[in-house]
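Commentary on secondary and tertiary structure
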Amino acid sequence: MPEKADVAVIGAGVAGLTTALRLAEGGCSVLVIDQGDPFRGGSGVNAGTLALQNKNAELILFYQRAIAEWRRLDQALDRDIGYVCRGGLRVAESKDEAETLRREVVRQKELGIETEWLEGNRLRHHAPWLGSSISCATYCVDDGFASPLLAGRALVKAALGAGVGVATNREFLGKSTTPNGYRLDTSAGPVECGDVVIAAGAWSGRVAEHFGVTLPVECHVNMLSVTRRIAQFMDNQVVTHIGGRLTLKQYPNGSCLLGGGWRGEGGIETGRKDLNCERLQQNLRLHADVVPPLKDATILRTWAGFEAETPDHWPIAGGFDGHPRLFVAVPAKAGFTAGPIVGRLTAEKLLTGEMPPFARPMDPERFLH
Ligand SMILES: Cc1cc2nc3c(=O)[nH]c(=O)nc-3n(C[C@H](O)[C@H](O)[C@H](O)COP(=O)(O)OP(=O)(O)OC[C@H]3O[C@@H](n4cnc5c(N)ncnc54)[C@H](O)[C@@H]3O)c2cc1C
């Protein structure tokens, strides 16, 4: 007998689980299927940065809402998600970078984002641990981070508690339509459902093909490193770089996480996510120049993961006019930050047929015309 649910969600990452949770709260029976374990795709291997000021002007108000959704989740979930919001610094080295940073802070202030300009003694007083190559920085109170590990556990527990079925090691293979919706073929037998939500991260384009829909989701391989624990020196602030090549934070336990979107090798076609050691060295050298105390830190582990990206950098959230029972929840770049709000918006679209005006740029229909 096929399993049955009102809604089947394909993908148990941050987007799929937050969609499922909201749908269950809205009264639907929901089954989430994942080809592996939950929160083991991009959601399980990312840096957990929830930064606001490093987003471009077009997207920044959306990311402000995305971070507010994390704050809401932090209150609503009954388990710790490791959410820390001690603000963040966005640093500049060269003269050109300093000018770009100054232009951006003016624009951000116009948009109502709280950012503060720091240079000279004020900067050194605020962050004595920054290297001499840093000429200026902006400080934003909204920058923070959450723990992917803790957030994953909390979301799975909340979803199960709300009655969501979470089926692991169950790959979606194809679909047929039925009078009441879809019958999904999976590696562990069929699932009958009314509606389907594609929340398969970097794999979403592939999954969408089965439904006759084109989603131009690219897959990037992104590298990260973590250090052994060292004495607290950054007061849990996040550091990002106007050049976009560095994201750094120190967890409350003392270990530092070093990222910045440096590309590894591979892709979903081969399933490989390998390190590129030359780029990794450049990434680590940059971190040590910007924050010299890291020169004494030992790298404990480096890894790579798959990240989805869209051509216009906006997430994909909502449904299709021509496929009334098909929905998509794919956060793009900085997708961990965007995941919960993308999940909630997609669930609202399915439940009510409506999306708020600010969500229009995320409409999946934009790729069809
Ligand atoms: C190294 C790295 C660092 C990052 N750092 C940050 C950061 O600091 N801040 C930030 O905001 N973002 C960051 N990101 C991006 C972020 O991790 C992702 O965009 C986000 O987690 C994507 O969530 P998701 O739920 O859309 O996808 P995923 O978490 O990838 O979940 C998709 C799920 O779909 C499942 N799936 C796929 N195909 C099928 C199928 N056919 N059948 C069944 N299941 C299927 C997969 O197994 C997977 O579990 C980073 C990404 C990487 C790789």
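Quick note: structure is the one above.
Residues numbered from 1 in each chain as written. Predicted model: local features only at pLDDT ≥ 70, side-chain atom pairs only at ≥ 80, totals over all residues. Heavy atoms only, no water.

**Section: the nonpolar core**
What counts is decided by this rule: Buried Ala, Val, Leu, Ile, Met, Phe, Trp, Tyr and Cys residues form a nonpolar core when they are joined through side-chain atoms within 4.5 Å. Only protein chains enter the accessibility calculation, which uses a 1.4 Å probe; a residue whose area is less than 20% of its type maximum is buried, one above 50% is exposed, and one in between is partly exposed. Counting from the N terminus, the helices are the DSSP runs of H or I reaching at least four residues and the strands are the DSSP runs of E reaching at least two. Domain delimitation follows an automatic or database domain assignment. In what follows, a contact means two residues having at least one pair of non-hydrogen atoms within 4.5 Å.
Within the largest apolar cluster, 56 residues are counted, with the highest numbers of intra-cluster contacts made by I10, L89, W129, L130, L184, F211 and L248. If one sorts the elements of this core by residue count, strand β11 (residues 191-198) sits on top with 4 residues. Here this core spans two domains, and each of domain 1 (3-44 + 149-217 + 312-367) and domain 2 (88-141 + 218-309) adds at least three residues to it. The residues touching I10, leaving out its near neighbours within four places in the chain, are I33, F172, L184, V196, V197, I198, A199, A200, V207 and F211.

**Overview of the site of the ligand**
The condition that has to hold: Here a residue is near a molecule or strand as soon as one of its heavy atoms is found within 4 Å of it. Throughout this description, a polar contact denotes any pair of N or O atoms lying within 3.5 Å of each other; where both atoms belong to protein, one of them has to be capable of donating a hydrogen while the other can accept it, and for residues adjacent in sequence the pair is counted only when both atoms sit in side chains. Exposure was quantified through the Shrake-Rupley algorithm and a 1.4 Å probe, taking into account, for residues, occlusion by the shown protein chains and nothing else. Each residue gets one of three labels, nonpolar for Ala, Val, Leu, Ile, Met, Phe, Trp, Tyr, Cys and Pro, charged for Asp, Glu, Lys and Arg, and polar for the others, Gly among them.
Close contacts around the ligand come from 36 residues, with D34, G42, S43, F172 and T337 the closest. Backbone polar atom of G335 to a nitrogen atom of the ligand: 3.4 Å apart, as the coordinates give it. A distance of 2.6 Å is found between an oxygen atom of the ligand and a side-chain nitrogen or oxygen belonging to T337. In isolation the ligand exposes 1,000 Å². Once the protein is present, 95% of that is buried. Elements with a minimum of two residues in the shell around the ligand: α1 (14-25), α2 (42-45), β12 (218-227), β18 (299-309) and α9 (335-352). Broken down by class, the residue content of the shell around the ligand amounts to 18 nonpolar, 14 polar and 4 charged. A domain split of the shell around the ligand shows at least three residues from each of domain 1 (3-44 + 149-217 + 312-367) and domain 2 (88-141 + 218-309).

**Digging into the packing of aromatic side chains**
Applied cut-off: Stacked, tilted and edge-to-face are the three classes assigned to paired rings of Phe, Tyr and Trp, where Trp is represented by its six-membered ring and a pair needs centres within 6.5 Å; plane angles under 30 degrees give stacked, over 60 edge-to-face, the rest tilted. Note on geometry: a ring has a charge over it if NZ (lysine) or CZ (arginine) is within 6 Å of the ring centre and within 35 degrees of the ring normal.
Taken as a whole and assessed by the stated rule, the structure comprises 8 aromatic pairs. Ring centres of F145 and Y251 lie 5.3 Å apart, and the angle between their planes is 85 degrees; on these two criteria the pair is classed as edge-to-face. One end of the pair, F145, is in strand β7 (residues 144-145); the other, Y251, is in the loop between β14 (247-250) and β15 (256-259), and 106 residues separate them in sequence. Summarising the burial analysis for this pair, F145 and Y251 share the class buried. Between W203 and F306, the ring centres sit 5.7 Å apart and the planes meet at 80 degrees, which makes this aromatic pair edge-to-face. With W203 in the loop between β11 and α7 (204-209) and F306 in strand β18, this pair connects stretches of sequence that are 103 residues apart. Taken together, F62, Y63 and W314 form an aromatic cluster joined through their ring pairs. The lysine or arginine in question, R102, covers the ring of W117, its NZ or CZ lying 4.1 Å from the ring centre.

**A few points about the pattern of salt bridges**
As a reminder of what qualifies: Any carboxyl oxygen of Asp or Glu that lies within 4 Å of a side-chain nitrogen of Lys or Arg is treated as forming a salt bridge with it.
Counted under the stated rule, the structure contains 19 salt bridges. In this structure, R245 engages E97 in a salt bridge whose closest nitrogen and oxygen atoms are separated by 3.1 Å. Placement of R245 in the loop between β13 (238-241) and β14 and of E97 in helix α4 (residues 95-110) is noted, with a sequence separation of 148 residues between them. Taking the shortest distance from any N to any O, the salt bridge between D195 and R325 comes out at 3.0 Å. Of this pair, D195 sits in strand β11 while R325 sits in the loop between β19 (316-319) and β20 (326-330), and the two are 130 residues apart along the sequence.

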